[in-house]
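Single-letter residue listing:
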Amino acid sequence: MPTTYKNVTIRGININASGKRCADLRGWVVGSAFAKGGSSDSTYIIENCSSNGNIGRYAGGIVGYRLNYESASTVLVRNCYNTGDQLDSEIYNEIYNAYSGGIVGYFANCGTSSKPCSGTIEISYCYSTGSISERGGGILGGSSQYQYNTPTTTTIIRNCYVATNTMYNAFNTGIIAGLIGVGFIASTLVFGVLLLVLK
């Protein structure tokens, strides 16, 4: 998204794609690099959205790869859900090594040495009910908040839950009971009420 756009709200988008799989790096509602390079006076809101489609590699059930990348802005994701499975490939029984997120995809709130991220992401009142891939997370994908220098980002996850009957290779599937993908590097991480239900 161009940085000239500020204070964007995406509301009430419901995707019916049962049995389909979104492209790698993408999200069913919002694509990759949403809010990239945003300024500190910018707020991006994604609310009251849902999808039932499956989730590709590095992708998210609602929002794709690199949310708030190299950004100082605030992103609020609230009242959203996904009921699809995280799948590494078009072969639908493969769910390994995908780094996907049930709500938000891989590499959220991240920066580089030349363009560090100092933004905030808050995910609230969200849930997912599909399978969780290896290195994925039921809410947030792998390697979120990764920085090439001192982390300055904030990620808040509150009042969210995951209900799943499949966590592929649970040793490598997320941290915090599968809610967040592996490789998470927290500068500031705040949890509210969280729940994991194994169906």
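Here the structure is a predicted model, which means the values were calculated and not measured.

Conventions used here
- Numbering of residues begins from 1 in every chain and follows the order in which that chain's sequence is written.
- For a predicted model such as this one, the threshold for reporting local features is a pLDDT of at least 70, and the threshold for listing and counting side-chain atom pairs is 80 or more; totals across whole chains, interfaces and linings nevertheless cover every residue.
- Based on all heavy atoms of the structure, the side-chain values leave hydrogens and waters out of the count.
- Joining through side-chain atoms within 4.5 Å is the link that ties buried Ala, Val, Leu, Ile, Met, Phe, Trp, Tyr and Cys residues into a set, and such a set is a nonpolar core.
- Working definition: with a 1.4 Å probe on protein chains only, accessible area under 20% of the residue-type maximum means buried, over 50% means exposed, and in between means partly exposed.
- Segments assigned H or I by DSSP are reported as helices when at least four residues long, segments assigned E as strands when at least two residues long, and all are numbered from the N terminus.
- By the convention used here, residues are in contact when the closest approach between their heavy atoms is within 4.5 Å.
- Only one rule defines a salt bridge in this text: a Lys or Arg side-chain nitrogen within 4 Å of an Asp or Glu carboxyl oxygen.
- Disulfides are defined in this document as cysteine sulfur pairs within 2.5 Å.
- Strand pairing is assigned whenever DSSP identifies at least 2 bridges connecting the two strands.
- Note on aromatic contacts: the rings of Phe and Tyr and the six-membered ring of Trp form a pair at centre separations within 6.5 Å, being stacked when their planes are under 30 degrees apart, edge-to-face when over 60 apart, and tilted otherwise.
- In our convention, an over-ring charge means Lys NZ or Arg CZ found within 6 Å of a ring centre and within 35 degrees of that ring's normal.

## Considering the nonpolar core
Among the nonpolar cores identified, the biggest contains 27 residues, and F34, I46, L67, V77, I103, V104 and I123 are the most heavily contacted of them. Secondary-structure elements contributing two or more residues to this core are β3 (43-47), β5 (74-78), β7 (120-124) and β10 (160-164). Sequence-distant contacts of L67, defined by excluding residues within four places in its chain, comprise F34, V75, V77, V104, F107, A108, N109 and I121. Residues Y69, Y99, Y106 and C110 belong to the second largest nonpolar core, which totals 6 residues.

## Comments concerning unusual backbone geometry
The phi dihedral of Y58 falls on the positive side, at around 65°, and the residue is not glycine. When you line up the elements, Y58 lands in the loop between β4 (50-51) and β5. You can call Y58 partly exposed: its relative accessible area is 22%. A positive phi angle is found at N79, which is not glycine, with a value near 55°. Among the structural elements, N79 can be located in the loop between β5 and β6 (81-82). Overall, N79 belongs to the partly exposed group, its relative accessible area being 38%.

## Some details on the pattern of salt bridges
In this structure the tally under the stated criterion is 5 salt bridges. Residues D41 and K6 are paired through a salt bridge, measuring 3.1 Å at the closest nitrogen-oxygen approach. On the criterion of sequence distance, the pair formed by D41 in the loop between β2 (14-15) and β3 and K6 in the segment before β1 (9-11) is long-range, its members being 35 residues apart. Look at D41 and you get partly exposed, because its relative accessible area is 47%. Exposure remark for K6: the relative accessible area of 40% places this residue in the partly exposed category. A salt bridge links R158 to E122, with the nearest nitrogen and oxygen atoms 3.1 Å apart. Of this pair, R158 sits in strand β9 (residues 154-158) while E122 sits in strand β7, placing them 36 residues apart in sequence. Residue class for R158 comes out partly exposed when judged on its relative accessible area of 29%. Counted as one network, the salt bridges with shared partners bring together R11, E47 and R78.

## Considering the state of the cysteines
Following the criterion strictly, the structure yields 0 disulfides and no others. Looking at the unpaired C80, the closest cysteine sulfur is the one in C49, lying at 4.7 Å. Residue C80 is classed as buried on the basis of its relative accessible area, which comes to 1%.

## A look at the pairing of β5
One ladder, built from 5 bridges, connects β3 with β5; its direction is parallel. From the neighbouring strand, T43 faces β5, where its bridge partner is T74. Note: β5 against β7, 5 bridges, orientation parallel. The residue bridging R78 from the neighbouring strand is S124, located in β7.

## Overview of the packing of aromatic side chains
In the structure shown here, the tally under the stated rule is 10 aromatic pairs. Aromatic side chains Y58 and Y99 sit 5.6 Å apart centroid to centroid with 20° between the ring planes, which places their arrangement in the stacked category. Here Y99 lies in the loop between β6 and β7 and Y58 lies in the loop between β4 and β5, a separation of 41 residues in the sequence. A ring pair is formed by Y65 and F107, whose centres lie 6.3 Å apart and whose planes are at 20°; its orientation type is stacked. Note that Y65 is positioned in the loop between β4 and β5 and F107 in the loop between β6 and β7, a separation of 42 residues in sequence. On the accessibility criterion, F107 (9% relative accessible area) is buried. Feature note: the residues Y58, Y65, Y69, Y99, Y106 and F107 constitute an aromatic cluster, connected by ring pairs. Across the ring face of Y69, the terminal group of R66 is positioned such that the distance to the ring centre comes to 4.1 Å.

Worth remembering: the numbers are spatial, not functional.
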